[in-house]
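# Residue-level structural notes
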Amino acid sequence: MSSVPTLWSRRRLLRTAGISGLGLAALAACGTGGDTSGGDGARAPVRVALGWITNVEFAGFWIADDRGYYKQEGLDVDFLPGGPNAPDPTQTLAGHGAEIAIPVGLQAFLSAVNAGNDFVTYGTTYENTPAGLLSLARRPVRTAKDLVGARVLGQQGLQPYIDAAMRLAGVPIEYQFIPVGYEPSPLVDGQGDVYTCFATNQPIILEQQGMVQNRDFFVTTYQQLGLDQYSSIVCSERSWLQANRPTVEKFMRATIRGWQDNAADPSVAAHLAVEKYGADLGLDLAQQTRENQLQIPYTQNELTASHGLFRIDPARLAGPMYRAYTAAGVTPLPDVAKIVDTTVLDNVFQGRATV
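Because the structure is a prediction, the values reported are computed rather than measured.

Each value, and the rule that gives it
- Residues numbered from 1 in each chain as written.
- Predicted model: local features only at pLDDT ≥ 70, side-chain atom pairs only at ≥ 80, totals over all residues.
- Heavy atoms only, no water.
- Helix = DSSP H or I, 4+ residues; strand = E, 2+ residues; numbered from the N terminus.
- Buried < 20%, exposed > 50% of the residue type's maximum accessible area, 1.4 Å probe, protein only.
- pLDDT = per-residue confidence, 0-100.
- Contact = heavy atoms within 4.5 Å.
- Salt bridge = Lys/Arg side-chain N within 4 Å of Asp/Glu carboxyl O.
- Pairing = 2+ DSSP bridges.
- Axes fitted to C-alpha atoms, helices over the stretch in contact; angles between N-to-C directions.
- Phe/Tyr/Trp six-rings, centres within 6.5 Å; stacked < 30°, edge-to-face > 60°.
- Parallel < 35°, antiparallel > 145°, perpendicular 65-115°, else oblique.
- Nonpolar A, V, L, I, M, F, W, Y, C, P; charged D, E, K, R; others polar.

A few words on the overall build of the chain. Within the chain, the regular secondary structure consists of 15 helices and 10 strands. Evaluated residue by residue, the chain yields a buried proportion of 56% over its 355 residues.

Below you can see the structure in the form of structure tokens.
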């Protein structure tokens, strides 16, 4: 894999709404083909390596766990938190420290595959990445053309993807990149014209300051700029998946039930994140509730409406998503047919759109 940094890598605030403050990079059974079906009546243990801290980003997982959906499926699920000082979930998976990994960016999964890991993905939390650009009414950035001549505030390493958006749009690649931290005050202070963000996070800070989206500030996702991408995919080692397919289907069925519940009432998972799963993180309930409200639309699209949540479309991945990676200079790109398994969710949904 190219050394181009990951576009949809974690860019969260470390002290505001809850985190204090969203890619193009051991059980004996782990990777060895052992069965974790719990045939003796005991629940099958499954370790899940998360791509970020235990906040509301994992709303549906918390609901599934709290409401006993995993237990009903005969599973004993252990969630392993991620964060700024934690290894990428794909590293934990490769080291047999987990059976399931949920990396934030798809590129981390692709990088792990290109590094020689035989990983397979069978679901995605976000159908559209919430990564994008934040701008103010004084100089809105709604298209790649608007980036021409702009002062772009962001974290080092994102330039190839700004370039890619402009290249795909056929506009001159002319802008000034200004490295900044993980909160948007430099944008508000006028140090730049646009700030790289997660649509489910940093804009909340502007809302808390009394600003209104689409009037005082604007959020343009990378997908809207032509850089289509999944985010927070679910993956495992191929050998473990093949040997434990019933366990994986049970995990996904319970997880999807949790996310279906989450769409009905975003406040439930916000309370769980603040009071239970992220109780030691100092999360803010109002922010977590708002973040959950904002993230739900990114988990849904036309495909999920007809075939259920977490669906991956191989043609979309091989088409517009791979074109975006190519424009950003990310190579090689593995054969989609070898890294995506759609049959897991086919078995979970059985032709329906809900479980």
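Moving on: the environment of Phe251. Note on placement: Phe251 falls in helix H9 (residues 245–264). Between the C-alpha atom of Phe251 and that of Gly74, which follows or precedes it by 177 residues, the distance is 9.2 Å.

All right, on to the confidence of the model for the chain then. When pLDDT is averaged along the chain, the result is 90; 88% of the residues meet or exceed 70. Of the regions scoring below 50 in pLDDT, residues 8–40 engages in 129 contacts with residues more than four places distant in sequence or in other chains.

Time to look at the pattern of salt bridges. Evaluated as defined, the whole model comprises 12 salt bridges. In this structure, the salt-bridge partner of Asp341 is Arg245, at a minimum N-O distance of 2.7 Å. Placement of the pair is Asp341 in the loop between helix H14 (336–339) and helix H15 (343–349) and Arg245 in helix H9, with a sequence separation of 96 residues. Here the salt bridges do not stand alone but share partners, grouping Arg139, Arg151 and Asp193 into one network.

The five strands are arranged S7-S6-S8-S5-S9 in an open sheet whose pairing can be described as mixed. Unpaired on one side and paired on the other, strand S7 (176–179) and strand S9 (217–221) mark the two borders of the sheet. The sheet shows a mean angle of 30 degrees between the axes of neighbouring strands, taken without regard to direction.

Turning to the pairing of strand S8 (residues 194–198), a few remarks are in order. Two faces, one strand: in a regular strand the side chains alternate between the faces of the sheet. Of all five residues in S8, five are buried; the element is thus mostly enclosed. Taking every second residue as pointing to the same face, both faces of S8 are buried, with Val194, Thr196 and Phe198 on one and Tyr195 and Cys197 on the other. Relative to S8, strand S5 (residues 131–136) is paired through five bridges, and the arrangement is antiparallel. Note on S8: the bridge partner recorded for Ala131 is Phe198.

According to the stated counting rule, one finds 12 aromatic pairs in the structure shown. Aromatic side chains Phe61 and Phe79 sit 5.9 Å apart centroid to centroid with 70 degrees between the ring planes, which places their arrangement in the edge-to-face category. Separated by 18 residues along the polypeptide, Phe61 in helix H1 (residues 59–66) and Phe79 in strand S2 (residues 75–80) bring together distant segments of the chain. Residue Phe61 shares its accessibility class with Phe79, and that shared class is buried.

Contact geometry of H1 with H9 gives a least axis separation of 7 Å together with a crossing angle of 110 degrees. Between H1 and H9, the crossing angle belongs to the class labelled roughly perpendicular. Contacts between H1 and H9 involve Ala59, Gly60, Phe61, Ile63 and Ala64 on the former and, on the latter, Phe251, Ala254, Thr255, Gly258, Trp259, Asp261 and Asn262. For the contact of H1 with H9, the class distribution of residues is seven nonpolar, four polar and one charged.

Take the environment of Ala164 next. Tracing the backbone shows Ala164 in helix H5 (residues 159–169). Discounting chain neighbours no more than four positions away, the residues touching Ala164 are Leu227, Ala324, Ala327 and Ala328.

On to the environment of Leu93. Here Leu93 shows up in helix H3 (residues 89–94). Measuring from C-alpha to C-alpha, the distance between Leu93 and Ala112 comes to 9.7 Å, with 19 residues separating the pair along the chain. Apart from residues lying up to four places away in sequence, Leu93 is in contact with Ala98, Glu99, Ile100, Ala101, Phe119, Cys235, Ser236 and Glu237.

This part takes up helix H4 (residues 106–114). Along H4, eight of the nine residues are buried, which leaves the element largely enclosed by surrounding structure. The set of residues buried in H4 consists of Leu106, Gln107, Ala108, Phe109, Leu110, Ser111, Ala112 and Val113. Summarising the contacts, the buried residues of H4 are in contact with H3, strand S4 (119–126), H5, strand S10 (231–237), helix H13 (314–327) and H14.

A few words on unusual backbone geometry. Trans peptide bonds make up the majority, and among non-glycine residues the majority have a negative phi. With an omega of -10 degrees, the peptide bond running from Thr331 to Pro332 counts as cis. By the element assignment, Pro332 lies in the loop between H13 and H14. Non-glycine residue Ser232 carries a positive phi angle of around 55 degrees. The class for Ser232 is buried, based on a relative accessible area of 3%. Its identity as a non-glycine residue notwithstanding, Phe310 has a phi of 70 degrees, on the positive side. Among the secondary structure elements, Phe310 is positioned in the loop between helix H12 (302–307) and H13. The class for Phe310 is buried, based on a relative accessible area of 1%.

Here we come to H5. Helical geometry note: an α-helix holds 3.6 residues per turn, so side chains three or four residues apart project in the same direction. Taken residue by residue, H5 has Tyr161, Ile162, Ala164, Ala165 and Met166 as its buried positions. Those residues of H5 that are buried lie in contact with H4, S5, strand S6 (151–154) and H13. Once H5 ends, the next one or two residues include Gly170, with phi positive near 75 degrees.

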